[in-house]
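In case you want the letters, here they are:
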Amino acid sequence: MFIIFLLLLTLSCRGNLVNSCPIYLTIASNGKTLQESNLELNWPPDCYTRPEWIGFYSDNPAISFTQPLLRIENVSDTTFKMPIKQKLGKLRFPGGWNRNDFNILATEYSKGKCLNYYVASFNGNELLAVECLKIYPNWLTKLPNIRKLPLKDLFIPGTHASGAYITDYIKTKSFFIKDYAASQYFDVWSQLVFGIRYLDLSIGYKTQDNADLKNADHFWIVNENMFINQLRYILKDIRRFVNISGEVVIIDFSSFPVGFYKHPERHSELLNMLKSELGSLAYQRNTSMVKACFELTVEQIKKSQKSLIILYPLEELSQSEAGNA
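Residues numbered from 1 in each chain as written. Predicted model: local features only at pLDDT ≥ 70, side-chain atom pairs only at ≥ 80, totals over all residues. Heavy atoms only, no water.

A. Representation of the sheet that holds strand 3 (residues 53-57) in the model. Across the sheet, which stays open at both edges, the 4 strands sit in the order 4-3-6-7 with antiparallel pairing between neighbours. Among the strands making up the open sheet, the edge pair consists of strand 4 (70-73) and strand 7 (126-135). Ignoring which end each strand starts from, the neighbouring axes of this sheet average 20° apart. With 4 bridges connecting them, strand 3 and strand 4 associate as antiparallel partners. When the sheet's bridge partners are listed, Gly 55 is paired in strand 4 with Arg 71. (Pairing = 2+ DSSP bridges. Helix = DSSP H or I, 4+ residues; strand = E, 2+ residues; numbered from the N terminus. Axes fitted to C-alpha atoms, helices over the stretch in contact; angles between N-to-C directions.)

B. View of the pairing of strand 10 (residues 219-223). With respect to burial, strand 10 is a largely interior element, 5 of its 5 residues being buried. Alternating residues of strand 10 divide into Phe 219, Ile 221 and Asn 223 and Trp 220 and Val 222, and every residue in both groups is buried. For strand 9 (residues 198-205) and strand 10, the ladder comprises 3 bridges, and the chain directions are antiparallel. Bridge pairing in strand 10 links Gly 204 to Trp 220. (Buried < 20%, exposed > 50% of the residue type's maximum accessible area, 1.4 Å probe, protein only.)

C. Here's a closer look at the pairing of strand 11 (residues 226-230). Pairing geometry for strand 10 and strand 11, over 4 bridges, is antiparallel. Its bridge partner being in strand 11, Val 222 is matched across the sheet by Phe 227. Remark: 2 residues form the turn of the hairpin made by strand 10 and strand 11, two consecutive strands paired antiparallel; Glu 224 in that turn has positive phi of roughly 55°.

D. Up close: helix 6 (residues 264-278). Between its first and last C-alpha, helix 6 extends 21 Å over 15 residues, near the 21 Å set by a 1.5 Å rise per residue. Among the residues making up helix 6, those that are buried are Arg 266, His 267, Leu 270, Leu 271, Met 273, Leu 274, Glu 277 and Leu 278. The buried residues of helix 6 all sit within an arc of 160° when viewed along its axis, so they share a single face. Among the exposed residues of helix 6, those pointing more than 90 degrees away from its buried face are Pro 264, Asn 272 and Ser 276. (Expected span 1.5 Å × (residues − 1). Arc of directions from axis to C-beta.)

E. Here's a closer look at the nonpolar core. The biggest cluster of nonpolar side chains holds 59 residues, and the ones touching the most others in it are Ile 203, Leu 231 and Leu 270. Counting contributing residues, this core receives three or more from each of domain 1 (24-134) and domain 2 (139-323). What Leu 270 contacts, discounting residues up to four positions off in sequence, is Ile 203, Phe 219, Leu 231, Phe 256, Phe 260 and Tyr 312. (Core = buried A, V, L, I, M, F, W, Y, C linked by side-chain atoms within 4.5 Å. Domains from an automatic or database assignment. Contact = heavy atoms within 4.5 Å.)

Keep in mind these numbers describe shape, not what the thing actually does.
Right under this line is the structure:
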């Protein structure tokens, strides 16, 4: 599976610890499902001195002084990553940041928030470094140096085929979807909570067999020409996330591989759906201005009381629609 989670490489929380090689905690892509995936240790490429041992904890060992759940000896100095014999298990975010926490007020975490997964490196009993798996639900709009830069100057963490995830592995009967078409372990909501701010969506048009065609959801996330998830529910997750977090998110409708060829009216229908679900949050480009969207800063976007930049190929739209997109 192809997964990009740049912000899982968590920021250092070493404080006054001994100056040593930092360690990072990420999620490996070796499991059939997210719960079955192992955690993984990582080191920077210029770091060759390894600690004597590393401990895995469910609490911060720098302040809790608990015994490790797992102790890793004989840490190799020949690789920059190392799997931990610890499954991720069921992942829970802090209250308000889970997908179904509708009635819980979410706390702002502008500098990230540790989940209950910690690693620490030691020489003997000397603590060298501590790191954790973090979420970053509020980082982009809170960093002053970042929000004042044009979008074109930012390296924004994103995912490929962002909507190509499996909601229920057991109920998904297609082995092709399980083994090839599904590109993400995390749903779009979780990707955004972890810190992803660029979403890549490929859309297909699915003809419905039911009689109520007027109310049918025709638009689906597509990967490898397979229909995977309905688009509407992903748009609702995006809308709810930006309303809660105040973050800016870029949505790139990168391709339309199924059902759109020689059907321009389907682009019009999709555009109407986007306006219905996201229109009040989407930045409206000013075609009379010389400045392009990629020259805007996050601060300027937020001042316009918008949270979404939607990228859509204008050549697929009629002239009037392109002017209003």
